[in-house]
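Working through the structure, step by step
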Amino acid sequence: MNRPTNDDLEKIEKDAIALYEISCGVAPDKFDIIINCESTKEIWDVLKNLYHGSEQAQDKKLTIALNEFTNFKALPGESIDDSFNRFNLIITKLSNPGTVCSNHETNL
């Protein structure tokens, strides 16, 4: 049986530390979801999918927000404040981290 190299031991130690740190930072109700993960990468992927959704779900959210932006109109009888608040919600959806818009979309 091959003995682990110093690099292997260092990677194992770093992974154990990262596993511990992530486990301590996860909300108790989410801990059951990650408890059986075997690596930091696996935990990261599970949490990323849990909190941000899959790439397909993110694309769908962006498409919906872009459609809302493109088709935005004040509703009949809606106050300026209410229109402004609805518009700001759409802008917030479009400016979430991870959302990348083309120059054309940004300049609309």
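This one's a predicted model, so the numbers in the text were calculated from it and none came from an experiment. (Residues numbered from 1 in each chain as written. Predicted model: local features only at pLDDT ≥ 70, side-chain atom pairs only at ≥ 80, totals over all residues. Heavy atoms only, no water.)

1. Some thoughts on the pattern of salt bridges
Quick reminder of the rule: Criterion for a salt bridge: a side-chain nitrogen of Lys or Arg within 4 Å of a carboxyl oxygen of Asp or Glu. Put simply, DSSP marks the helices as runs of H or I at least four residues long and the strands as runs of E at least two long, and each gets a number from the N terminus on. To sort residues, take the accessible area from a 1.4 Å probe on protein chains only and compare it with the maximum for the residue type: under 20% means buried, over 50% means exposed, and anything in between is partly exposed.
Inspection of the entire model under this criterion finds five salt bridges. Linking Glu10 and Lys14 is a salt bridge whose minimum nitrogen-to-oxygen distance equals 3.2 Å. Of this pair, Glu10 and Lys14 both sit in helix H1 (residues 6–25), four residues apart, which is roughly one turn of the helix. Classification of Glu10 by relative accessible area gives partly exposed; the value is 41%. A salt bridge links Lys30 to Asp29; the nearest nitrogen and oxygen atoms lie 3.4 Å apart.

2. What to know about helix H5 (residues 80–94)
In an α-helix, one turn spans 3.6 residues, which is why side chains three or four residues apart end up on the same side. To keep it simple, the criterion reads: Helix span, expected: 1.5 Å multiplied by one less than the number of residues in the helix. By definition, residues are in contact when any of their heavy atoms lie within 4.5 Å.
In this model H5 runs 21 Å from its N-terminal to its C-terminal C-alpha over 15 residues, within 8% of the 21 Å that 1.5 Å per residue would give. Looking at the buried residues of H5, the elements they touch are helix H4 (55–70).

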